[in-house]
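The primary structure of each chain is shown beneath.
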Amino acid sequence: MNEKIQVGENFSIGDEIFHDQKMSTAERVDIFNRLGQQEVDRNRIFYHRLISSPSESHVFVEDPISGDTREMIMFGSNSYLGLGNHPHIREKAKKMIDLYGSGVGGVAFLSGYTKLHQELEERIAAFKGKEAAMVFSSGYSANVGLVSGMTQSSDIVIYDEYSHASFYDGMILSRVRLYKFRHNNTEHLEKLLKKHSQSGRNIFVGVEGVYSMDGDICPLDEVVRLCKQYNAMLMVDDAHGTGVLGASGRGVGEHYKATKDIDLLMGTFSKAISATGGFITGSKEMINFLRYFSRSYMFSSAMCPGTTGAILGALDVMENEPERRLTLLDNVQYAVSSINQLSHNFDVNAEAAIVIVMVPLDMDIRLAAYEFHKNGIFLNSVEYPAVPVEQQRFRISLMATHTKKDIDELVQVLDYVWNQYKKGMFSFETVAVLNSARNVAEVELENLN
Amino acid sequence: MSKEKVLEKLFEMVRDNLLLEEGTVLTKDSDLIKEVGLDSMDIVSLGMEVQDEFEVEITPEELNIEVITLDFIADLIIQRQTNMAPA
């Protein structure tokens, strides 16, 4: 198993598990499935939980162990503004299906581009304060299309080490020269810019507005200054900042009053906007260029009318109900101060809508996650290999539609789980660091092999 | 160029350009992926930079081996430079 791993949102399970390059596909599939079954047998599987209600602050979820369905408070959703089941948005989606049907029958480039798509592009460009926009059917394909469309193998991309997998995959597609800088470390970024600006190559810098694994935001003002100084083009992924940051929720550009300094500003419709899809905004010329060079745009069917209508509806609500964002921010601050008041020496903070609670090294994060589930709290555990073993964490995502009572319940259960942990629950059976998740996984793999 | 000089330059390129965690031990025999923490795209970028710096041709496939070390890359560079030298 790798001693050093890529952290953040860009990791490959395959890279971690299958080092033997000669292993057959059948063996890979078999080992993976047996490993998964072992986790199910030990009550330690918490992915693909089955939800049977709309995406709201309270949801009905099937217990993956017992099979019972129960109401839970959702703290694992990216639907930060709580727009997943809003009546205006539902109506707008239905209306657009009535007007345009269920599908568009082709890629935007050929037969799938409707007045509805044009309207959405104009709306999102205006919302973001940029000249033009293009729309993708997923956030992943927007980021892949942005990077692979803009860069070519002779260029250089310098990117934050915590960048999303979609940004990384875009770089792989264009076979560009890539160098990562330490997370949010502008000194390291400058060191790399200084060195590579002498190369005569096109240089791009990639950052995110909000990093979802840590909940922090990028130092955009400083990044902008460096990009100008070293003549680099700036690409920003504002998936988690859109709808949350800035005086009117327009994202990290508005937060720093630096929208005009971002050359290409990407985002998704799947977080605060609560639908699916992604977008890129920029100058008319850049967007026109990308329509021809972004393969994930050119070769994907255009967004279906229902989704497009839902996004337009969500933009209406975001403009007409600005208090939602303020309630969200208030909820975040309430959660932060309540968690920090517990007696477990938590020192959490939040710059957007995500609060991170670090997990002690000897806590079995999956067993603890099940305890949250059993107590009616849905949150996401972030575990190795997405992060190093010593940095495993719970990710709490706040919504505008959470009540103070919901947050009180979260904090109460958090307190309970940590008290149980202190009594010896959820600890690995054997001692200290040697029993970290990494080693447990390694032993299991060896046994399976 | 002597192998020592090639290795010295390679050390500098890895330290300056690739993100190593603090305290990472880098020797000529370190496994760049398993021990140093580079990923496959870091190796591809390093390969491209090697081509620029030493003016030799190295394909990504040549670097896609189970254990990749600076010693291996240095040998590859010297081999190419020797082959390219005028008779």
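In this report, we go over the structure that sits alongside the text.

Cut-offs and rules
- Residues numbered from 1 in each chain as written.
- Chains lettered and ligands numbered in written order.
- Predicted model: local features only at pLDDT ≥ 70, side-chain atom pairs only at ≥ 80, totals over all residues.
- Heavy atoms only, no water.
- Salt bridge = Lys/Arg side-chain N within 4 Å of Asp/Glu carboxyl O.
- Helix = DSSP H or I, 4+ residues; strand = E, 2+ residues; numbered from the N terminus.
- Buried < 20%, exposed > 50% of the residue type's maximum accessible area, 1.4 Å probe, protein only.
- Core = buried A, V, L, I, M, F, W, Y, C linked by side-chain atoms within 4.5 Å.
- Contact = heavy atoms within 4.5 Å.
- Expected span 1.5 Å × (residues − 1).

All right, on to the pattern of salt bridges then. Throughout the structure, instances matching the rule amount to 28 salt bridges over all chains. Between E319 of chain A and R123 of chain A there is a salt bridge, with its nearest N and O atoms 3.9 Å apart. Residue E319 of chain A is found in helix 12 (residues 305–320), and its partner R123 of chain A is found in helix 4 (residues 115–128); the two are separated by 196 residues along the sequence. On the accessibility criterion, E319 of chain A (42% relative accessible area) is partly exposed. Among the salt bridges present, the one from K3 of chain B reaches D71 of chain B, with a minimum N-O distance of 2.8 Å. With K3 of chain B in helix 1 (residues 3–17) and D71 of chain B in helix 4 (residues 70–84), this residue pair connects regions lying 68 residues apart in the sequence. Judged by relative accessible area, K3 of chain B falls into the partly exposed class, the value being 30%. Here the residues in one salt-bridge network are K3, K28, D29, D71 and D75 of chain B, joined through shared partners.

Note that soluble globular proteins tend to have their nonpolar side chains buried in a common cluster. Residues W418 of chain A together with L10 of chain B are the most contacted members of the largest nonpolar core, which totals 119 residues. Here the element with the most residues in this core is helix 15 (residues 404–422) of chain A; it accounts for eight residues. Ignoring sequence-local partners within four residues, the contact set of L10 of chain B consists of V50, F54, L70, I73, A74 and I77 of chain B. The next biggest cluster of nonpolar side chains, apart from the first, holds 27 residues, and it includes V176, M235, L290 and Y297 of chain A.

Another aspect to go through is the environment of V417 of chain A. All names here are of chain A. When you line up the elements, V417 lands in helix 15. Note on V417: relative accessible area 0%, which makes it buried. Taking C-alpha positions, V417 is 33 Å from R182, a pair spaced 235 residues apart along the chain. Apart from the residues within four sequence positions on either side, V417 is in contact with A368, E371, F372 and F426.

Residue and element names in this part refer to chain B. Counted at 1.5 Å a residue, the expected span for helix 4 with its 15 residues is 21 Å, and the 21 Å between its end C-alpha atoms agrees. L70, D71, I73, A74, L76, I77 and R80 are the residues of helix 4 that are buried. Buried residues along helix 4 sit against helix 1, helix 2 (40–54) and helix 3 (60–63).

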